[in-house]
There are 2 protein chains.
Amino acid sequence: MNEIPGPIAPPARLLMGPGPISAYPSVLTAMSAALVGQYDPFMTATMTETQELYRRVWGTSNDATVLIDGTSRAGIEAAMISLIRPGDRVLVPVFGRFGHLLAEIAERAMAEVHTIEVPWGQVFPVSAIEQAILAVKPQLLGLVQGDTSTTMLQPLDEVGALCAKHGVLFYSDATASLGGNPFEADAWGLDAATAGLQKCLGGPSGSAPITLSERAVELIRSRKKIEAGIREEGDEDAADFIRSNYFDLGMILDYWGPRRLNHHTEATSMLYGARECARLLLLEGRDEVIARHRLHGAAMLAGVQGLGLTVFGDLAHKMTNVVAVEIPEGVPGDAARTAMLTDFGIEIGTSFGPLHGRVWRIGTMGYNARTDAVLQTLAALETVLRRFCAPVAANGGVDAAQGIYASAGR
Amino acid sequence: MNEIPGPIAPPARLLMGPGPISAYPSVLTAMSAALVGQYDPFMTATMTETQELYRRVWGTSNDATVLIDGTSRAGIEAAMISLIRPGDRVLVPVFGRFGHLLAEIAERAMAEVHTIEVPWGQVFPVSAIEQAILAVKPQLLGLVQGDTSTTMLQPLDEVGALCAKHGVLFYSDATASLGGNPFEADAWGLDAATAGLQKCLGGPSGSAPITLSERAVELIRSRKKIEAGIREEGDEDAADFIRSNYFDLGMILDYWGPRRLNHHTEATSMLYGARECARLLLLEGRDEVIARHRLHGAAMLAGVQGLGLTVFGDLAHKMTNVVAVEIPEGVPGDAARTAMLTDFGIEIGTSFGPLHGRVWRIGTMGYNARTDAVLQTLAALETVLRRFCAPVAANGGVDAAQGIYASAGR
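Residues numbered from 1 in each chain as written. Chains lettered and ligands numbered in written order. Predicted model: local features only at pLDDT ≥ 70, side-chain atom pairs only at ≥ 80, totals over all residues. Heavy atoms only, no water.

(A) Examining the overall build of chain A more closely. From N to C terminus, chain A includes 13 helices and 13 strands. What you see for chain A is a C-alpha radius of gyration of 22 Å, in line with the 22 Å of a compact globule of 410 residues. Seen through its principal axes, chain A has C-alpha atoms that stretch 75 × 55 × 50 Å. For chain A, buried positions account for 66% of its 410 residues. On chain A, roughly 13100 Å² of surface is accessible, and the fraction owed to carbon and sulfur atoms is 53%. Distance from the positive charge centre (33 side chains) to the negative charge centre (45 side chains) of chain A: 2 Å. (Helix = DSSP H or I, 4+ residues; strand = E, 2+ residues; numbered from the N terminus. Rg over C-alpha atoms; globule rule 2.2 N^0.38 Å. Buried < 20%, exposed > 50% of the residue type's maximum accessible area, 1.4 Å probe, protein only. Areas by Shrake-Rupley, 256 points an atom, 1.4 Å probe, with all protein chains shown as cover. Lys, Arg positive; Asp, Glu negative; His and termini not counted. Charge placed at Lys NZ, Arg CZ, Asp CG, Glu CD.)

Shown next, in the form of structure tokens:
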């Protein structure tokens, strides 16, 4: 390549996969706002304001509520590497791909990792988690709330009390679920929770909201290390310091906090985007956004069933915002997805691991938890399925979805 | 706070500090382009295209040329944690704050860290580096190219041959310098180099370009670990795996490479922005952009000298894109900076460590390496200095800068 390409010009896409999804228009607008300096009063005020917005998103009064500059996985690693001392026992109940990820990141943090598993498509009864806590006696429980790989939503509301009873730190990743399903960081007794913008929050990947309880912050503070270039009198390293500078939450909190101690240079555009995601959510109302995800998720579920597709997993524990459907016998899954994308500009998702080639995943998240997005997807899917000779009732998907909307008075 | 704030509305700012600086307008436009899916053909093509653009920015044919999703410090940590095995000897010549940062990140990676230092405002002769290599016998040399804390530019052109001779991996961070000063990854024998967008590349913080030699990639590949959730037959972990998942460059290369093995969800908006930064640089021409930084940097230097300010550091080794000036006796440094910001909307920088309170740092980078930006800054600074009773020649700064422009035929 010696010529220089033109400005970026993405094709029109309706992103109805498991995420990333199409961002809210005003989030994209916020991404292009002018930059200001790292310690400009407007910048520090925007950081503080964004912290407060995310406290309300998380349902917490945790002072330690910030953004990690990286994708959702950066938030997970920041939480785990800051909370796990090498040799700590970590328990990860695995019910999909992202449980494996938590276990893997704990291994990288040199933990003694214990997993329990249920078949994909199920979640854990709280009794199974307690049994494993009693057997493993972990320092930390890492539990995904919603795992898009299976579409399942793990109930968390009783887990915090369990962890408190047994002296276990309770960490959950809510990347796939936050905003579209209830999450109550304080009421559920979370010590740490992480997310990303690219699912129900309706923003681009690249910023990871995180919140930490006082107990978590205390542990992190005990593992402090300050870089020589900005070390001041009285600063001393813990022997057991965190094995990452970028993800050292103690330093990150000192940067976001009143000391404003220089760490990274905050990713200003991502901050603007993250702020707008939270702002939109709170403007619409936290409960209202969840209700909207529930409605359009129910419409999509009825729609795919109306198309004669079999839904994967335990429907009693499905996230509101994504559904997995078995690819019908005889239909080439990837060719059908390609037809959806190239002919209609609509993206639906493939799958990982044991479900690879077996199911498609269809999301209704953030901006795309909308009637027109749901109906367009179902109408397009009907024609594509029929083209590949699957038996489909005419209007089966759209009619079923509209039935849901009608019964909801919409 | 119970009300919801309005959309983000940053004040007008001319960012003339050491970075972050005002982004190119078309970079901000690119930041707001519509998102596409993670494996959309447009997305993967854009990733591939961006790699090729950055190869030309770095002056390399390295296949392993990608972006790290995080700030420039994320790129540094990815390089160091992936290349340093616990117990490795790492040599860091420190000539400013960011040398300390490299040493600190190497410590976090459990290296045996050796530093040599010169006083702030100087750089290392290559003989001093060779002497230290002979004494320490490091596995890796970590050397900042440009350290904004001192404005110095360390010559790198002979260091690669030295490292090759002694079997040392050669890593440099060029965050502060890339784009505004020559950098030749291949010709200078770099094994790894990292940068950020928020300096001469004229973009927002949040994406870290990185390039790796084949030798570096080989080392990284030997430390492979694949997460269970996407493990396939034949994948096996190295005992000596990299102690981070997010910064495991082997996994990141498999995601950017033809395998497209799922790792993080690429930060699409940051990718668009990073692409536009490189595109603009190559459109204008790599040498032409450096010449522009050299011209406007010279004008700013002459300008501050024309205002009677004393310049800090060894001018023979100053970066083109930033100058440090001593705060005149009797002038309150922070109050003057505040006046520049609140009265004129112009940001100039404070300093770290031994220079804290002693110098201001003034940058001419990326979009702001422009005549009007330079002259506005000098005119405003003249009035502010005079307000604080510093002796300043009328028009001293602007006239001196215009002299530089005139002699350059501009």
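(B) Region of the structure containing the relation of the copies chain B and chain A. Overlaying chain B with chain A gives an RMSD of 0.0 Å, the required rotation being 180° about an axis along which the chain moves by 0.0 Å. Put plainly, the chains are arranged around a two-fold axis. For chain B, the minimum C-alpha distance to the rotation axis belongs to B:Gly70 and amounts to 2.3 Å. When you check the interface residues of chain B against chain A, 100% turn up at the interface there too, and the contact is symmetric in its surfaces. (Least-squares fit on C-alpha atoms with pLDDT ≥ 70 in both. Contact = heavy atoms within 4.5 Å.)

(C) Molecular detail of the pattern of salt bridges. Inspection of every chain in the model, using the stated rule, returns 41 salt bridges over all chains. One salt bridge in this structure joins B:Arg215 and B:Asp191, with 2.7 Å as the shortest N-O distance. Note that B:Arg215 is positioned in helix 7 (residues 214-221) and B:Asp191 in the loop between strand 8 (169-173) and strand 9 (192-194), a separation of 24 residues in sequence. Given the relative accessible area of 39%, B:Arg215 is considered partly exposed. For B:Asp191, a relative accessible area of 6% corresponds to the buried category. In this structure, a network of salt bridges that share partners links the residues A:Glu104, A:Glu107, A:Arg108, B:Lys225 and B:Asp248. (Salt bridge = Lys/Arg side-chain N within 4 Å of Asp/Glu carboxyl O.)

(D) Representation of the side chain of B:Thr148 within the structure. Residue and element names in this part refer to chain B. Of note, Thr148 is situated in the loop between strand 6 (146-147) and strand 7 (152-153). For Thr148, a relative accessible area of 3% gives the class buried. Ignoring any residue separated from it by four or fewer positions in sequence, one finds Thr148 in contact with Pro18, Phe98, Ala176, Lys199, Met319 and Arg361.

(E) Quick look at the interface of chain B and chain A. With 88 residues of chain B in contact, the opposing surface of chain A contributes 88 residues. Taken over both partners, the interface formed by chain B and chain A buries close to 7200 Å², and the fraction arising from carbon and sulfur atoms is 62%. Of all residues in chain B, the largest losses of buried area upon contact with chain A belong to B:Ile8, B:Leu35 and B:Arg108, amounting jointly to 11% of the total for that side. Inspection of the chain B/chain A interface yields eight salt bridges. Every element with two or more residues in the side of chain B that touches chain A is listed here: helix 1 (25-31), helix 2 (41-58), helix 3 (72-83), helix 4 (97-108) and helix 9 (268-284) of chain B. Residue composition of the side of chain B that touches chain A, grouped by class: 43 nonpolar, 23 polar and 22 charged. (Buried area = accessible area lost by both parts, 1.4 Å probe. Nonpolar A, V, L, I, M, F, W, Y, C, P; charged D, E, K, R; others polar.)

(F) Spotlight on helix 13 (residues 396-407) of chain A. All names here are of chain A. End to end, helix 13 covers 17 Å across twelve residues, agreeing with the expected 16 Å (1.5 Å per residue, within 8%). Among the residues making up helix 13, those that are buried are Gly396, Gly397, Val398, Ala401 and Tyr405. The inward-facing, buried residues of helix 13 contact helix 10 (286-306) and helix 12 (371-387). Just past helix 13, the residue Gly409 takes up positive phi, approximately 75°. (Expected span 1.5 Å × (residues − 1).)

(G) Spotlight on the domain arrangement of chain A. Residues and elements named next belong to chain A. Split into domains, chain A comes out as domain 1 (25-281) and domain 2 (285-407). Taking only C-alpha atoms, the centre of domain 1 and the centre of domain 2 are 30 Å apart. Contact with domain 1, which involves 30 residues of that partner, is made by 24 residues of domain 2. Between Glu184 and Arg286 there is a salt bridge, with its nearest N and O atoms 2.8 Å apart. Linking domain 1 with domain 2 are twelve residue pairs in polar contact (both at pLDDT 80 or more). Only helix 2 (41-58), strand 6 (146-147) and strand 7 (152-153) provide two or more residues apiece to the side of domain 1 that touches domain 2. Ranked by residues supplied to the side of domain 1 that touches domain 2, first place goes to helix 2 with three residues. (Domains from an automatic or database assignment. Polar contact = N/O pair within 3.5 Å; in protein donor to acceptor, adjacent residues only side chain to side chain.)

(H) Just the pairing of strand 5 (residues 140-144) of chain B, in detail. All names here are of chain B. For strand 5, the tally of buried residues reaches five of five residues, placing the bulk of the element in the interior. Side-chain alternation along strand 5 places Leu140, Gly142 and Val144 on one buried face and Leu141 and Leu143 on a second face that is also buried. In this sheet, strand 5 lies alongside strand 3 (residues 89-94) in parallel orientation, the contact comprising two bridges. From the neighbouring strand, Val90 faces strand 5, where its bridge partner is Leu140. The pairing of strand 5 with strand 8 spans five bridges and is classified as parallel. Bridging across to strand 8, Leu141 finds its partner in Phe170. (Pairing = 2+ DSSP bridges.)

(I) Looking closely at the packing of aromatic side chains. Residue and element names in this part refer to chain A. Scanning the entire structure with this criterion turns up 15 aromatic pairs over all chains. With 5.3 Å between their ring centres and 70° between their planes, Trp58 and Phe183 make a pair best called edge-to-face. Highlighted residues: Trp58 in helix 2 and Phe183 in the loop between strand 8 (169-173) and strand 9 (192-194), separated in sequence by 125 residues. The pair Trp58 / Phe183 is uniform in exposure class, with both members buried. (Phe/Tyr/Trp six-rings, centres within 6.5 Å; stacked < 30°, edge-to-face > 60°.)

(J) Region of the structure containing the packing of helix 11 (residues 333-344) of chain A against helix 12 of chain A. Residue and element names in this part refer to chain A. Their axes nearest at 10 Å, the elements helix 11 and helix 12 cross at an angle of 125°. It follows that helix 11 is oblique to helix 12 by the angle criterion. Helix 11 and helix 12 meet at a crossing whose hand is right-handed. Here Ala336, Ala339, Met340, Asp343 and Phe344 of helix 11 lie close against helix 12, whose contacting residues are Thr377, Ala380, Leu381, Thr383, Val384 and Arg387. Grouping the constituent residues of the contact of helix 11 with helix 12 by class yields seven nonpolar, two polar and two charged. (Axes fitted to C-alpha atoms, helices over the stretch in contact; angles between N-to-C directions. Parallel < 35°, antiparallel > 145°, perpendicular 65-115°, else oblique. Left-handed = near helix turned anticlockwise from the far one by under 90°.)

(K) Up close: the sheet that holds strand 3 of chain B. Residue and element names in this part refer to chain B. Within the open sheet, the seven strands sit side by side as 2-10-9-8-5-3-4. Their pairing is mixed. Because the sheet does not close on itself, it has two edges, and the strands there are strand 2 (64-68) and strand 4 (112-117). Taking the axes of each pair of neighbouring strands and ignoring which way they run, one obtains an average angle of 15° across the sheet. Sheet topology places strand 9 next to strand 10 (residues 208-212); three bridges connect them, and they run antiparallel. The residue bridging Ala193 from the neighbouring strand is Thr211, located in strand 10. Helix-sheet contacts for helix 7 involve strand 2, strand 8 and strand 10, and the interaxial angle to strand 10 is about 95°.

(L) Quick look at the confidence of the model for chain A. Considering every residue of chain A, the mean pLDDT works out to 96; 99% of them sit at 70 or more. Our summary of model confidence lists the complex with pTM equal to 0.97 and ipTM equal to 0.97. (pLDDT = per-residue confidence, 0-100.)

(M) The side chain of A:Arg275, seen in detail. Mapped onto the elements of the fold, A:Arg275 is located in helix 9 (residues 268-284). Residue classification places A:Arg275 among the buried residues on the basis of a relative accessible area of 3%. Residues contacting A:Arg275, with those up to four places away along its chain left out, are A:Thr46, A:Glu49, A:Thr50, A:Leu53, B:Pro5, B:Gly6, B:Pro7 and B:Ile8.

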